[in-house]
Amino acid sequence: MTRRELLERTGRVALTAGVLPFAGPLAELARAAPPGIYGQLARTLQGDVVVPGDPAYGQARVLFDTRFDGVHPHAVVFCESLTDVERTITWARRHGLRIAPRSGGHSYGGYSLSPGVVVDVSRLSRVALGPQRRAVVGAGARLIDVYAGLWEHGLTVPAGTSPTVGIAGLTLGGGIGFGARKFGLTCDNLVEATVVTASGRALVCNAHEHADLYWALRGGGGGNFGVVTRFVFRTHPVAGVATYALEWPWSDARPVVQAWQKWAPHAPDGLFSVCNLNCAGGGSPRITSAGQFFGTAQQLKTLIAPLTATGSPTRVSVVSRTYMDAARMWAGCSGTIAECHLQPQGALGRSTFKGKSDYANKLFSARAVDTLVRGIESRKTRGSGSAIVLLDSSGGAINRVPKGATAFVHRDALFSLQYLAYWQPTDPPAVGAANLRFLRNLYAAMRPFVSGFSYQNYIDPELSSWKHAYYGSNLARLVSVKRRHDPGNVFNFRQSIPTRL
Ligand SMILES: Cc1cc2nc3c(=O)[nH]c(=O)nc-3n(C[C@H](O)[C@H](O)[C@H](O)COP(=O)(O)OP(=O)(O)OC[C@H]3O[C@@H](n4cnc5c(N)ncnc54)[C@H](O)[C@@H]3O)c2cc1C
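Calculation notes
Each chain has its residues counted from 1, running along the sequence as written. Only residues with pLDDT of at least 70 get local features here, since the model is predicted, and only at 80 or more are side-chain atom pairs given and counted; chain-wide, interface and lining totals rely on the full set of residues. pLDDT is a per-residue confidence score from the predictor, ranging from 0 to 100. Each residue is represented by a C-beta atom placed from its backbone, and any two residues with such atoms within 7 Å are regarded as in contact. Strand pairing is assigned whenever DSSP detects at least two bridges linking the two strands. Labels follow the DSSP assignment, with helices taken as runs of H or I lasting at least four residues and strands as runs of E lasting at least two, numbered in each case from the N terminus. Put plainly, a residue is buried at 20 or more neighbouring C-beta atoms within 10 Å of its own, exposed at 12 or fewer, and partly exposed in between, counting only other residues' C-beta atoms, which are placed from the backbone. Under the convention used throughout, the expected extent of a helix is 1.5 Å for every residue step, that is, one less than its residue count. Directions pointing from the helix axis toward each C-beta atom define the arc. Throughout this description, a residue near a molecule or strand is one whose C-beta atom, derived from the backbone, lies within 6 Å of it. Under the scheme applied here, ten amino acids are nonpolar (Ala, Val, Leu, Ile, Met, Phe, Trp, Tyr, Cys and Pro), four are charged (Asp, Glu, Lys and Arg), and all others, including Gly, are polar. Axis lines are fitted through C-alpha atoms, for helices just across the contact stretch, and the angle between N-to-C directions can take any value from 0 to 180 degrees. Bear in mind that the domain bounds are from an automatic or database domain assignment.

A. Inspection of the confidence of the model for the protein at higher detail. Averaged over the protein, the pLDDT score is 92; the fraction of residues at 70 or greater is 93%. Counting contacts from residues 1-34, a segment whose pLDDT is below 50, to residues more than four positions away or on other chains yields 50 contacts.

Below, the structure is given as structure tokens:
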């Protein structure tokens, strides 16, 4: 979409450094510039400042999860250049305004939306191939655009599944997906980042320059140290993959979880798999497993034998596809790439949900599996909404990185658990409350069986021991990097890395 189309579609106010480059309708729009300090900022930027009262405000402020729709920032600043980000941070500091960096807006805790100023980098979304086949990616690119842009060159950066997640939030907290056991986490493939720190200056961080920040951004970077504007990633050649999908009767749930946990974390690196237990209110619980293998369908059939030999699968499907077709399938995107974006630009809708997470560092006992299975079963008798528990395999390239080599500490897990509850935005508050209660109860029941660590990208405002849960033995170093680069704690939110322990 051109800038003109964007402005015409959204009706946003546009002002550039004292000059109005547009005639006609855009000049009209520009005259409606926000007043006061916001107008002053807008005049210095290439991008736009959207404030309450602007026609675009309602759309500009919302995140992916509708639970945060009640938060109203003073302004959303759509930055279009590194200079825009530098100027916005300097300006926000001058006026004592709170800053929330935002890329894709998928924060589970709503931390990319604050009552202060949202520094939105979504227009910095270019995906290009640089020297040494490295991917140069604007911090606002969505995952589907990263996959599609690199696929044109037969390359990829391992990333997550959801098409609309932003590359910045994902990378800065780790980044797990169907290529992770083969190629590592997204953050493991980061070779350089440009970040505007609290000083209002951009720093280029890599193994040689600002190496402390480069270390911290790989797992501890979401909203903590500054606003990242650009990433450079190592890429990997990709062509075809094989994928599998299995389903069993619910009566097989216990043996399937047992078989999966013994098998998935130790499978060859090329195979990443998920075990999915879910139940909609009033419906029947289901257990499925799906995975992707960098190899042939025949090899994959042999590899999944421990799963297909468990219980009586009702569905066994193994399919060869291009890597990009697989990425689109995991993304749940059957339409065009343009449609794989959120409305109004694309066809996808937002969600109403709450997530929590755990890591399992040792095999689940029969009691642990039973607790999980019964927990999911309990969902069917409770009103509307649905529950999912996803077990994502670790191991492979993820666990070969030493714990202290990057800020992402979860390198010895067998698998992660993600607990999710979904309901409708139009549901009465009691439905949301019942879903939250279900989620908290299941999470509480699993305490005796898990490691005490949680995935920082499934950030959870309810966690009391979050510093340890997200960062473990890397916490002290993260705090010292924070003190060096943001001594005034400009970048702070409820679970931001503190300047002191
Ligand atoms: C539907 C869905 C699917 C998901 N699938 C996966 C998955 O497959 N794998 C996985 O690992 N994770 C997954 N996640 C979790 C996801 O990685 C995190 O929610 C991530 O933080 C989202 O990034 P974002 O840029 O979209 O979100 P945002 O809300 O924009 O940002 C998240 C955090 O990062 C900060 N931030 C954003 N941009 C910047 C920036 N430019 N510089 C500095 N800080 C910044 C924000 O302030 C906020 O604290 C999923 C989440 C959802 C909602």
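Anyway, onward from the coordinates.
B. Seen up close, the pairing of strand β6 (residues 135-138). Relative to β6, strand β5 (residues 127-129) is paired through three bridges, and the arrangement is antiparallel. The residue of β6 that forms the bridge with Ala128 is Val136. Joining the antiparallel neighbours β5 and β6 is a turn of five residues, in which Gln132 adopts a positive phi near 60 degrees.

C. Spatial organisation of the environment of Ile304. In this fold, Ile304 is placed in the loop between α11 (297-303) and α12 (305-308). For Ile304, a count of 24 C-beta atoms within 10 Å puts it in the buried group. With 37 residues separating them along the chain, Ile304 and Ala267 place their C-alpha atoms 9.2 Å apart.

D. A look at the pairing of strand β14 (residues 286-293). Pairing geometry for strand β12 (residues 240-248) and β14, over seven bridges, is antiparallel. Bridge pairing in β14 places Ala242 opposite Phe293. Sheet topology places strand β13 (residues 271-280) next to β14; eight bridges connect them, and they run antiparallel. The partner of Leu277 across the bridge, within β14, is Ile287. Here β13 folds back onto β14 in antiparallel fashion, the turn holding five residues, of which Gly282 has a positive phi close to 85 degrees.

E. Quick peek at helix α16 (residues 429-445). Helix length check: α16, at 17 residues, gives a terminal C-alpha distance of 24 Å against a target of 24 Å (1.5 Å per residue), a fit within 8%. Of the surrounding secondary structure, the elements contacted by the buried residues of α16 are β16 (352-360), α14 (366-377), β17 (386-393) and β18 (415-423).

F. Up close: helix α3 (residues 36-44). Residues of α3 that are buried: Tyr38, Leu41 and Ala42. Projected down its long axis, α3 shows its buried positions confined to an angular sector of 100 degrees, all on one face. Packing partners of the buried residues in α3 comprise β1 (48-50), β2 (75-78) and α5 (82-94).

G. Looking closely at the environment of Phe408. Structurally, the position occupied by Phe408 is in the loop between α15 (397-400) and β18. In this structure, Phe408 is in contact with Gly174, Leu185, Cys187, Arg218 and Gly219, ignoring residues within four places of it in sequence.

H. Representation of unusual backbone geometry within the structure. In the segment running from Gln343 into Pro344, the intervening peptide bond is cis, with an omega of 10 degrees. Locating Pro344 in the fold gives a position in the loop between α13 (323-331) and β16. If you check the backbone angles, Arg133 has positive phi at about 55 degrees while not being a glycine. Position of Arg133 relative to the elements: it lies in the loop between β5 and β6. Judged by the 14 C-beta atoms lying within 10 Å of it, Arg133 is partly exposed. Located in the positive-phi region is His210, a residue other than glycine, with phi close to 45 degrees. Among the structural elements, His210 can be located in the loop between β9 (202-205) and α9 (211-220).

I. Spatial organisation of the site of the ligand. The ligand sits among 34 residues. The nearest are Gly104, Gly160, Gly166, Gly169 and Gly223. Of all the secondary-structure elements, those providing two or more residues to the shell around the ligand are β3 (99-102), α7 (167-173) and β10 (227-233). Residue classes in the shell around the ligand are distributed as 14 nonpolar, 19 polar and one charged.

J. Broad picture of the sheet that holds β10. Overall, antiparallel pairing links the five strands, which are arranged β5-β6-β10-β8-β9 in an open sheet. Each end of this open sheet is capped by a strand with a single partner; those strands are β5 and β9. Between one strand and the next, the sheet's axes are offset by a mean angle of 15 degrees, whatever the strand orientation. Taken together, the four bridges between β6 and β10 define a ladder with antiparallel strand orientation. Paired with Val136 across the two strands is Val232, which belongs to β10. Here α9 sits on the sheet in contact with β8 (190-196), β9 and β10, set at roughly 100 degrees to β8.

K. Structural detail: the domain arrangement of the protein. As far as domains go, the protein holds domain 1 (23-120), domain 2 (127-237 + 474-485) and domain 3 (240-469). For domain 2 and domain 3, the distance between their C-alpha centres works out to 24 Å. With 34 residues of domain 2 at the contact, the number on the domain 3 side is 34 residues. Elements supplying a minimum of two residues to the side of domain 2 that touches domain 3: α6 (143-151), α7, α8 (180-183), α9 and α18 (475-485). The element best represented in the side of domain 2 that touches domain 3 is α9, accounting for five residues. In the side of domain 2 that touches domain 3, the residues fall into 16 nonpolar, 13 polar and five charged.

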